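Read off the chains here:
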Amino acid sequence: MSTLTMKAKMQSENTKIRKQGREVALTSDQLGRLLISIDQSSLVRAHKLALRLLVLCLVRRSALMEAKWEEIDFEQAEWSIPGERMKNKKPHLVLLSKQALAIFEELKGLSSSSEWIFARENSLHQPISNITLNAAVNTLKHDVKDYVIKDFRLTGSFYLREAGFNLEVIKKALAHETENLRESLILTQNARKKITDPSFSTIDFILSQYDKKPKHDTPHPTVACRLERFDTPEREMMQWWADFISGLTFSHA
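Residues numbered from 1 in each chain as written. Predicted model: local features only at pLDDT ≥ 70, side-chain atom pairs only at ≥ 80, totals over all residues. Heavy atoms only, no water.

Considering unusual backbone geometry
Excluding glycine, residues mostly have negative phi values, and the peptide bonds linking residues are mostly trans.
Turning to step 1, where the next piece is worked out: Located in the positive-phi region is L58, a residue other than glycine, with phi close to 55°.
Turning to step 2, where the next piece is worked out: With respect to the helices and strands, the residue L58 is situated in the loop between α3 (45-57) and α4 (61-65).
Turning to step 3, where the next piece is worked out: Judged by its relative accessible area of 0%, L58 falls in the buried class.
Turning to step 4, where the next piece is worked out: Positive phi, close to 55°, is recorded for A77, a residue that is not glycine.
Turning to step 5, where the next piece is worked out: Position of A77 relative to the elements: it lies in the loop between β1 (72-73) and β2 (78-81). (Helix = DSSP H or I, 4+ residues; strand = E, 2+ residues; numbered from the N terminus. Buried < 20%, exposed > 50% of the residue type's maximum accessible area, 1.4 Å probe, protein only.)

Let's talk about the pairing of β2
Turning to step 1, where the next piece is worked out: Where β1 and β2 come together, two bridges link them in antiparallel fashion. Directly across from D73, in β2, lies its bridge partner E78.
Turning to step 2, where the next piece is worked out: If you look at the hairpin formed by β1 and β2, you'll find four residues sitting between the two strands, and A77 has a positive phi there, around 55°.
Turning to step 3, where the next piece is worked out: By the bridge criterion, four bridges tie β2 to strand β3 (residues 92-95) in an arrangement that is antiparallel. For W79, the partnering residue across the bridge sits in β3 and is V94. (Pairing = 2+ DSSP bridges.)

As for the packing of aromatic side chains
We describe a pair of aromatic rings using the distance from one ring centre to the other and the angle between the two ring planes.
Turning to step 1, where the next piece is worked out: The final tally for this structure, using the stated rule, is seven aromatic pairs.
Turning to step 2, where the next piece is worked out: Three or more aromatic residues joined by ring pairs make a cluster, and in this case those are F158, Y159, F165, W240, W241 and F244.
Turning to step 3, where the next piece is worked out: Sitting above the plane of the W116 ring, K68 keeps its charged end 4.7 Å from the centroid. (Phe/Tyr/Trp six-rings, centres within 6.5 Å; stacked < 30°, edge-to-face > 60°. Lys NZ or Arg CZ within 6 Å of the ring centre and 35° of its normal.)

Thoughts on the sheet that holds β1
Turning to step 1, where the next piece is worked out: Strands sit in the order β1-β2-β3 across an open sheet of three strands; the sheet is antiparallel. Each edge of the open sheet carries a strand with a single partner, namely β1 and β3.

So, the pattern of salt bridges
Turning to step 1, where the next piece is worked out: Applying the stated rule across the entire model yields eight salt bridges.
Turning to step 2, where the next piece is worked out: For D29, the salt bridge identified is with R33, shortest N-O distance 2.1 Å. With D29 and R33 both in helix α2 (residues 28-39) and four residues apart, this pair spans about one turn of that helix.
Turning to step 3, where the next piece is worked out: Overall, R33 belongs to the partly exposed group, its relative accessible area being 26%.
Turning to step 4, where the next piece is worked out: The salt bridge involving D39 is made with R52; its shortest N-O contact spans 2.7 Å. Placement of D39 in helix α2 and of R52 in helix α3 is noted, with a sequence separation of 13 residues between them. (Salt bridge = Lys/Arg side-chain N within 4 Å of Asp/Glu carboxyl O.)

A short note on the environment of F74
Turning to step 1, where the next piece is worked out: Residue position: F74 is located in the loop between β1 and β2.
Turning to step 2, where the next piece is worked out: Along the primary structure F74 and F104 are separated by 30 residues, whereas in three dimensions their C-alpha atoms are 8.6 Å apart.

So, the packing of α3 against helix α5 (residues 98-110)
Turning to step 1, where the next piece is worked out: Following both chains from N to C, one finds α3 and α5 inclined at 155°, their axes separated by 10 Å at the closest point. Comparing their axes, α5 and α3 come out roughly antiparallel. Regarding α3 and α5, the two cross each other, and that crossing is left-handed. Between α3, through R45, A46, L49, R52, L53, L56 and C57, and α5, the contact on the second element is made entirely by Q99, A100, I103, F104, E106, L107 and L110.
Turning to step 2, where the next piece is worked out: In the contact of α3 with α5, the residues fall into ten nonpolar, one polar and three charged. (Axes fitted to C-alpha atoms, helices over the stretch in contact; angles between N-to-C directions. Parallel < 35°, antiparallel > 145°, perpendicular 65-115°, else oblique. Left-handed = near helix turned anticlockwise from the far one by under 90°. Contact = heavy atoms within 4.5 Å. Nonpolar A, V, L, I, M, F, W, Y, C, P; charged D, E, K, R; others polar.)

Spelled out as structure tokens, the structure:
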């Protein structure tokens, strides 16, 4: 196939994806630049942390915005999301990485005794609206074209698949139905063709900084305190993802 024909085919695939209202996976460089733009922005601290949690936990925005403190189990490092906030209407358990847990602990200190993790500034008895984070993202200074918040989930599933994690584990962690997961993986395969990174050696570089290449048969060597042992492959995967994100932030700082 000629270069021009391949380019035309890829453009056609991209147009099809956009018409379906879906985005493509962010490159590691794009994701790193976004993370740095969040950290260096003038957003209030709670909103910065909310965006970080969307990346680390790979949940939908609607699941996070109305989260209550009663859903967070700090001892077990778990977040129980009730079915009414999930797209599939089923309760969902998020296994928290040490980074995500640290963010919830910081947010607890900012919560002013509200039952809501993200309460409105003018009313502690109401959560922030779903459009609040969209507005926050629009104020960020970055050069990542056509970025939207939902790209975090697609990007996460893409890199987890690239790292060799089991599809069923990814499906469970992202609360994907089987059909949605299959569609997501097809889109990320298309995204891989369109990603502008010269190669995916970037992943190996970042992992080498933290010595975090995934080893599914042994416990992660550096998980602290409450996360000392992996009780499930899903917890190991979520910690790997959090370490990968930490590596991206480190390499773009």
